[in-house]
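Listed here are the chains, written in short residue letters.
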Amino acid sequence: MATQDHHHAHEAAEKAGKTFAELNRDHFNTLSSRIDKPGPDNWKPLHDKILDQLRLRSSWLGLPPTPPSSGTFKVLDYACGNGICSKALAPYSTHLIGLDVSDGMVSSFGKTAEALKTEFPHLKAVEASVGNLLGDDVAEKYSAEEWNDFDVVIVGMAVHHFEHQEKAVRQLASRLKKGGVLVVIDSVNRGTAGGGAEEGHRHDHSHSHSHSHSHSHSHGHHDHGHGHSHGGEDHHHGHEHGHHEAKETATGFEPSDEALKTIPGKHNYTREDALELFTQAGAGVDFDLVELGKGPEILRGDGKTMVMDVFIAKGRKE
(Lines give C-alpha, C1' and ligand atoms only; values in the text may rest on other atoms or scores of the structure.)
Protein backbone atom coordinates (compact mmCIF):
# COMPACT_ATOMS: atom_id res chain seq x y z
CA MET A 1 0.00 0.00 0.00
CA ALA A 2 1.34 3.39 -0.88
CA THR A 3 2.47 5.82 1.80
CA GLN A 4 -0.37 8.18 0.98
CA ASP A 5 -2.81 5.36 1.64
CA HIS A 6 -1.33 4.89 5.11
CA HIS A 7 -1.81 8.57 5.76
CA HIS A 8 -5.38 8.28 4.49
CA ALA A 9 -6.14 5.59 7.06
CA HIS A 10 -4.54 7.41 9.97
CA GLU A 11 -6.24 10.66 9.05
CA ALA A 12 -9.59 8.88 8.89
CA ALA A 13 -9.07 7.41 12.37
CA GLU A 14 -8.03 10.77 13.79
CA LYS A 15 -10.97 12.52 12.20
CA ALA A 16 -13.40 9.95 13.59
CA GLY A 17 -11.78 10.12 17.01
CA LYS A 18 -11.45 6.34 17.06
CA THR A 19 -8.71 3.74 17.13
CA PHE A 20 -8.28 1.39 14.17
CA ALA A 21 -9.71 -1.35 16.37
CA GLU A 22 -12.87 0.67 16.83
CA LEU A 23 -13.11 1.49 13.12
CA ASN A 24 -12.77 -2.18 12.25
CA ARG A 25 -15.28 -3.16 14.92
CA ASP A 26 -17.86 -0.76 13.48
CA HIS A 27 -17.09 -1.84 9.94
CA PHE A 28 -17.47 -5.53 10.67
CA ASN A 29 -20.53 -5.11 12.80
CA THR A 30 -22.14 -3.65 9.70
CA LEU A 31 -20.87 -6.42 7.41
CA SER A 32 -21.89 -9.18 9.81
CA SER A 33 -25.55 -8.75 8.90
CA ARG A 34 -24.97 -9.60 5.23
CA ILE A 35 -22.24 -12.21 5.13
CA ASP A 36 -22.68 -14.81 2.43
CA LYS A 37 -26.13 -13.59 1.47
CA PRO A 38 -27.32 -14.04 -2.13
CA GLY A 39 -26.73 -11.13 -4.48
CA PRO A 40 -23.89 -8.62 -4.80
CA ASP A 41 -21.02 -9.06 -2.37
CA ASN A 42 -21.71 -12.75 -1.97
CA TRP A 43 -18.29 -14.07 -0.98
CA LYS A 44 -19.34 -17.63 -0.34
CA PRO A 45 -17.51 -18.98 -3.45
CA LEU A 46 -14.22 -17.58 -2.15
CA HIS A 47 -14.98 -18.72 1.38
CA ASP A 48 -15.67 -22.23 0.15
CA LYS A 49 -12.42 -22.24 -1.76
CA ILE A 50 -10.44 -21.27 1.33
CA LEU A 51 -12.19 -23.91 3.43
CA ASP A 52 -11.49 -26.60 0.84
CA GLN A 53 -7.86 -25.57 0.52
CA LEU A 54 -7.27 -25.71 4.27
CA ARG A 55 -8.71 -29.21 4.49
CA LEU A 56 -6.85 -30.44 1.42
CA ARG A 57 -3.61 -29.30 3.03
CA SER A 58 -4.25 -30.84 6.46
CA SER A 59 -1.01 -32.88 6.37
CA TRP A 60 0.98 -29.88 5.15
CA LEU A 61 -0.42 -27.88 8.07
CA GLY A 62 0.53 -30.64 10.50
CA LEU A 63 -3.02 -31.40 11.59
CA PRO A 64 -3.82 -34.68 13.38
CA PRO A 65 -6.03 -37.47 12.01
CA THR A 66 -9.72 -36.78 11.75
CA PRO A 67 -11.18 -37.05 14.27
CA PRO A 68 -8.30 -36.78 16.77
CA SER A 69 -7.65 -40.25 18.19
CA SER A 70 -6.63 -39.08 21.65
CA GLY A 71 -5.65 -36.06 23.70
CA THR A 72 -6.53 -32.51 22.84
CA PHE A 73 -5.87 -30.31 19.84
CA LYS A 74 -6.49 -26.64 20.57
CA VAL A 75 -7.02 -24.00 17.88
CA LEU A 76 -7.16 -20.24 18.33
CA ASP A 77 -9.11 -18.65 15.47
CA TYR A 78 -8.09 -15.03 15.81
CA ALA A 79 -10.24 -12.39 14.14
CA CYS A 80 -12.55 -15.30 13.70
CA GLY A 81 -15.39 -13.57 11.89
CA ASN A 82 -18.27 -15.96 11.41
CA GLY A 83 -16.02 -18.99 11.57
CA ILE A 84 -14.55 -19.98 8.21
CA CYS A 85 -11.22 -21.10 9.67
CA SER A 86 -12.81 -22.90 12.61
CA LYS A 87 -15.12 -24.68 10.21
CA ALA A 88 -12.17 -25.81 8.11
CA LEU A 89 -10.21 -27.15 11.09
CA ALA A 90 -13.14 -28.67 13.00
CA PRO A 91 -12.57 -32.26 11.76
CA TYR A 92 -9.05 -32.26 13.22
CA SER A 93 -9.58 -30.38 16.48
CA THR A 94 -11.01 -30.89 19.95
CA HIS A 95 -11.16 -27.24 20.99
CA LEU A 96 -11.94 -24.29 18.69
CA ILE A 97 -11.64 -20.90 20.36
CA GLY A 98 -12.57 -17.80 18.38
CA LEU A 99 -11.89 -14.19 19.26
CA ASP A 100 -12.97 -11.06 17.44
CA VAL A 101 -13.41 -7.36 18.15
CA SER A 102 -16.80 -7.33 16.43
CA ASP A 103 -19.73 -8.52 18.50
CA GLY A 104 -21.72 -8.87 15.28
CA MET A 105 -19.17 -11.32 13.90
CA VAL A 106 -19.03 -13.22 17.19
CA SER A 107 -22.80 -13.59 17.04
CA SER A 108 -22.46 -15.02 13.51
CA PHE A 109 -19.76 -17.39 14.77
CA GLY A 110 -22.22 -18.66 17.36
CA LYS A 111 -24.49 -19.94 14.59
CA THR A 112 -21.55 -21.69 12.94
CA ALA A 113 -20.57 -23.21 16.29
CA GLU A 114 -23.97 -24.81 16.78
CA ALA A 115 -23.77 -26.45 13.36
CA LEU A 116 -20.23 -27.69 14.01
CA LYS A 117 -21.18 -29.29 17.32
CA THR A 118 -23.80 -31.34 15.50
CA GLU A 119 -21.61 -32.22 12.52
CA PHE A 120 -18.50 -33.03 14.57
CA PRO A 121 -19.59 -34.57 17.91
CA HIS A 122 -15.96 -35.16 18.92
CA LEU A 123 -15.54 -31.42 19.53
CA LYS A 124 -15.23 -30.70 23.22
CA ALA A 125 -15.46 -26.92 22.83
CA VAL A 126 -16.30 -24.53 20.02
CA GLU A 127 -16.98 -20.96 21.05
CA ALA A 128 -16.12 -17.35 20.33
CA SER A 129 -16.08 -14.16 22.34
CA VAL A 130 -15.42 -10.45 21.87
CA GLY A 131 -11.88 -9.50 22.75
CA ASN A 132 -8.42 -8.39 21.70
CA LEU A 133 -5.06 -10.06 22.23
CA LEU A 134 -3.02 -7.32 20.58
CA GLY A 135 -1.56 -4.03 21.72
CA ASP A 136 -0.08 -2.92 25.02
CA ASP A 137 -3.15 -3.32 27.22
CA VAL A 138 -4.19 -6.94 26.83
CA ALA A 139 -6.71 -7.93 29.49
CA GLU A 140 -5.34 -9.95 32.40
CA LYS A 141 -7.84 -12.77 31.78
CA TYR A 142 -5.95 -13.68 28.60
CA SER A 143 -2.96 -14.80 30.65
CA ALA A 144 -4.95 -17.85 31.76
CA GLU A 145 -4.01 -21.33 30.53
CA GLU A 146 -7.04 -21.56 28.23
CA TRP A 147 -5.63 -18.68 26.15
CA ASN A 148 -2.16 -20.16 25.78
CA ASP A 149 -0.38 -23.29 24.55
CA PHE A 150 -2.42 -23.62 21.36
CA ASP A 151 -1.54 -26.26 18.79
CA VAL A 152 -2.58 -23.88 16.01
CA VAL A 153 -3.16 -20.15 15.85
CA ILE A 154 -4.85 -19.17 12.60
CA VAL A 155 -5.54 -15.67 11.28
CA GLY A 156 -7.74 -15.43 8.20
CA MET A 157 -7.61 -12.30 6.07
CA ALA A 158 -6.85 -10.10 9.02
CA VAL A 159 -3.15 -9.30 9.32
CA HIS A 160 -3.45 -6.42 6.87
CA HIS A 161 -5.82 -4.77 9.33
CA PHE A 162 -3.28 -4.79 12.15
CA GLU A 163 -1.77 -1.42 12.90
CA HIS A 164 1.58 -2.87 14.00
CA GLN A 165 1.80 -6.06 12.01
CA GLU A 166 5.12 -7.46 13.20
CA LYS A 167 4.25 -6.91 16.85
CA ALA A 168 0.78 -8.36 16.35
CA VAL A 169 2.09 -11.53 14.72
CA ARG A 170 4.64 -11.91 17.55
CA GLN A 171 1.90 -11.59 20.14
CA LEU A 172 -0.22 -14.21 18.43
CA ALA A 173 2.69 -16.62 17.94
CA SER A 174 3.46 -16.32 21.66
CA ARG A 175 0.12 -18.07 22.31
CA LEU A 176 1.39 -21.25 20.63
CA LYS A 177 2.91 -24.16 22.47
CA LYS A 178 6.47 -25.07 21.46
CA GLY A 179 6.23 -26.63 18.00
CA GLY A 180 2.74 -25.22 17.48
CA VAL A 181 1.77 -23.94 14.03
CA LEU A 182 0.98 -20.37 13.01
CA VAL A 183 -1.23 -20.09 9.93
CA VAL A 184 -1.91 -16.82 8.08
CA ILE A 185 -4.29 -16.37 5.15
CA ASP A 186 -4.12 -13.09 3.29
CA SER A 187 -3.79 -11.33 -0.05
CA VAL A 188 -0.93 -12.01 -2.46
CA ASN A 189 1.32 -9.27 -3.72
CA ARG A 190 1.81 -10.34 -7.32
CA GLY A 191 5.40 -9.26 -7.16
CA THR A 192 6.07 -12.59 -5.41
CA ALA A 193 7.66 -15.45 -7.26
CA GLY A 194 5.29 -17.72 -5.36
CA GLY A 195 5.99 -21.36 -5.03
CA GLY A 196 7.27 -23.39 -2.16
CA ALA A 197 7.97 -26.99 -1.45
CA GLU A 198 4.41 -28.12 -1.88
CA GLU A 199 3.03 -28.99 -5.27
CA GLY A 200 0.72 -26.47 -6.78
CA HIS A 201 1.88 -23.43 -4.96
CA ARG A 202 0.66 -21.09 -7.58
CA HIS A 203 -2.45 -22.92 -8.56
CA ASP A 204 -5.80 -23.64 -7.10
CA HIS A 205 -5.88 -27.25 -5.98
CA SER A 206 -9.19 -26.89 -4.26
CA HIS A 207 -11.02 -28.89 -6.86
CA SER A 208 -13.89 -27.01 -5.44
CA HIS A 209 -15.26 -29.50 -3.05
CA SER A 210 -18.16 -27.19 -2.60
CA HIS A 211 -18.96 -27.96 0.97
CA SER A 212 -22.58 -27.20 0.92
CA HIS A 213 -22.75 -26.96 4.62
CA SER A 214 -23.13 -23.30 5.23
CA HIS A 215 -19.62 -21.97 4.96
CA SER A 216 -20.40 -19.10 6.99
CA HIS A 217 -16.93 -17.77 6.90
CA SER A 218 -16.27 -14.44 5.87
CA HIS A 219 -13.09 -14.35 4.14
CA GLY A 220 -14.35 -12.40 1.39
CA HIS A 221 -15.32 -8.87 1.27
CA HIS A 222 -12.10 -7.42 0.59
CA ASP A 223 -13.56 -4.67 2.36
CA HIS A 224 -11.27 -6.17 4.47
CA GLY A 225 -13.78 -7.52 6.48
CA HIS A 226 -11.58 -10.06 7.81
CA GLY A 227 -10.30 -8.70 10.80
CA HIS A 228 -11.56 -6.22 12.75
CA SER A 229 -9.05 -4.30 14.45
CA HIS A 230 -8.31 -5.83 17.70
CA GLY A 231 -7.65 -3.00 19.86
CA GLY A 232 -5.00 -0.59 18.90
CA GLU A 233 -3.68 -3.40 16.87
CA ASP A 234 -6.37 -3.41 14.32
CA HIS A 235 -7.42 -6.82 13.82
CA HIS A 236 -9.36 -7.34 10.87
CA HIS A 237 -10.38 -10.88 11.22
CA GLY A 238 -11.15 -13.41 8.84
CA HIS A 239 -14.32 -12.00 7.74
CA GLU A 240 -15.42 -10.32 4.65
CA HIS A 241 -12.57 -9.58 2.62
CA GLY A 242 -14.75 -8.32 0.03
CA HIS A 243 -16.39 -5.11 -0.49
CA HIS A 244 -12.97 -4.14 -1.34
CA GLU A 245 -14.21 -2.37 -4.33
CA ALA A 246 -10.68 -3.05 -5.23
CA LYS A 247 -8.96 -2.50 -8.49
CA GLU A 248 -6.38 -4.87 -9.87
CA THR A 249 -2.80 -3.63 -9.99
CA ALA A 250 0.57 -5.11 -10.86
CA THR A 251 1.13 -6.11 -7.22
CA GLY A 252 -2.29 -7.02 -5.94
CA PHE A 253 -5.51 -5.21 -5.12
CA GLU A 254 -5.91 -1.63 -4.10
CA PRO A 255 -8.80 -1.10 -1.67
CA SER A 256 -11.43 1.58 -2.04
CA ASP A 257 -11.24 4.78 -0.04
CA GLU A 258 -13.81 3.41 2.37
CA ALA A 259 -11.89 0.19 2.96
CA LEU A 260 -8.63 2.09 3.39
CA LYS A 261 -9.99 3.60 6.57
CA THR A 262 -9.61 0.24 8.26
CA ILE A 263 -6.22 -0.67 6.77
CA PRO A 264 -3.31 1.21 8.36
CA GLY A 265 -0.48 -0.47 6.47
CA LYS A 266 0.53 -3.20 4.02
CA HIS A 267 -2.34 -5.25 2.62
CA ASN A 268 -0.67 -7.39 -0.08
CA TYR A 269 2.26 -9.67 0.74
CA THR A 270 5.10 -11.34 -1.11
CA ARG A 271 6.53 -14.65 0.06
CA GLU A 272 9.46 -12.70 1.48
CA ASP A 273 7.13 -10.40 3.42
CA ALA A 274 5.38 -13.37 4.99
CA LEU A 275 8.63 -15.16 5.82
CA GLU A 276 9.88 -12.04 7.57
CA LEU A 277 6.69 -11.80 9.65
CA PHE A 278 6.93 -15.44 10.71
CA THR A 279 10.65 -15.38 11.42
CA GLN A 280 10.60 -12.26 13.58
CA ALA A 281 7.68 -13.82 15.50
CA GLY A 282 9.72 -16.92 16.31
CA ALA A 283 7.47 -19.10 14.13
CA GLY A 284 9.62 -19.52 11.04
CA VAL A 285 10.52 -23.19 11.41
CA ASP A 286 9.46 -25.14 8.30
CA PHE A 287 7.93 -21.98 6.85
CA ASP A 288 6.08 -22.43 3.61
CA LEU A 289 3.55 -20.50 1.58
CA VAL A 290 1.10 -21.60 -1.08
CA GLU A 291 -0.72 -19.32 -3.46
CA LEU A 292 -4.22 -20.52 -4.24
CA GLY A 293 -4.40 -18.81 -7.61
CA LYS A 294 -7.03 -16.29 -8.55
CA GLY A 295 -10.23 -16.87 -6.69
CA PRO A 296 -13.72 -17.01 -8.17
CA GLU A 297 -15.14 -13.88 -9.75
CA ILE A 298 -17.19 -11.91 -7.26
CA LEU A 299 -19.95 -9.43 -8.06
CA ARG A 300 -19.32 -6.32 -5.98
CA GLY A 301 -21.90 -4.04 -4.53
CA ASP A 302 -21.15 -1.41 -7.16
CA GLY A 303 -22.05 -3.84 -9.96
CA LYS A 304 -18.43 -4.49 -10.97
CA THR A 305 -16.61 -7.77 -10.57
CA MET A 306 -13.33 -8.55 -8.86
CA VAL A 307 -11.06 -11.51 -8.25
CA MET A 308 -8.75 -11.95 -5.27
CA ASP A 309 -5.42 -13.74 -5.07
CA VAL A 310 -5.05 -15.44 -1.70
CA PHE A 311 -2.21 -17.33 -0.01
CA ILE A 312 -1.90 -19.63 2.98
CA ALA A 313 1.36 -19.44 4.94
CA LYS A 314 2.45 -21.62 7.85
CA GLY A 315 5.40 -21.99 10.20
CA ARG A 316 6.17 -23.70 13.49
CA LYS A 317 7.10 -22.01 16.76
CA GLU A 318 10.71 -22.53 17.75
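As a starting point, this report considers the structure included with it. This structure is a prediction, so every number in the text was calculated from the model and none was measured. (Residues numbered from 1 in each chain as written. Predicted model: local features only at pLDDT ≥ 70, side-chain atom pairs only at ≥ 80, totals over all residues. Heavy atoms only, no water.)

## Comments concerning the sheet that holds strand S5 (residues 176-187)
Let me state the cut-off plainly: For two strands to pair, DSSP has to find at least two bridges joining them. Secondary structure counts use DSSP, requiring at least four H or I residues in a row for a helix and at least two E residues in a row for a strand, with both numbered from the N terminus. With axes taken as lines fitted to C-alpha atoms, and helix axes fitted only over the stretch in contact, angles between N-to-C directions fall between 0 and 180 degrees. We call two residues in contact whenever any of their non-hydrogen atoms come within 4.5 Å of each other.
Taken in spatial order, the seven strands make up an open sheet running S3-S2-S1-S4-S5-S11-S8, and their pairing is mixed. Looking at the sheet topology across the chains shown, the edges are occupied by strand S3 (125-130) and strand S8 (285-294). In this sheet, neighbouring strand axes are inclined to one another by 15° on average, regardless of whether the strands run parallel or antiparallel. Sheet topology note: the S8/strand S11 (residues 309-316) ladder contains six bridges and is antiparallel. Residue pairing in the sheet places Leu289 in a bridge with Ala313 of S11. Along the sheet, helix H7 (residues 165-173) contacts strand S1 (74-78), strand S4 (150-156) and S5; its crossing angle with S5, the most-contacted strand, is approximately 140°. Packing of helix H9 (residues 271-280) onto the sheet brings it into contact with S5, S8 and S11, and relative to S8 it is tilted by some 145°.

## Examining the pattern of salt bridges
Applicable threshold: When a carboxyl oxygen of Asp or Glu lies within 4 Å of a side-chain nitrogen of Lys or Arg, that pair is called a salt bridge. Partly exposed describes any residue whose relative accessible area lies between the buried limit of under 20% and the exposed limit of over 50%, with all areas from a 1.4 Å probe on protein chains only and scaled to the type maximum.
Counted according to the given criterion, the structure contains six salt bridges. When the shortest N-O distance is used, the salt bridge between Asp48 and Lys44 registers 2.8 Å. Taken together, the residues span about one helical turn, with Asp48 and Lys44 both in helix H3 (residues 44-56) at a distance of four residues. Taking the relative accessible area as the measure of exposure, Asp48 reaches 10% and is therefore buried.

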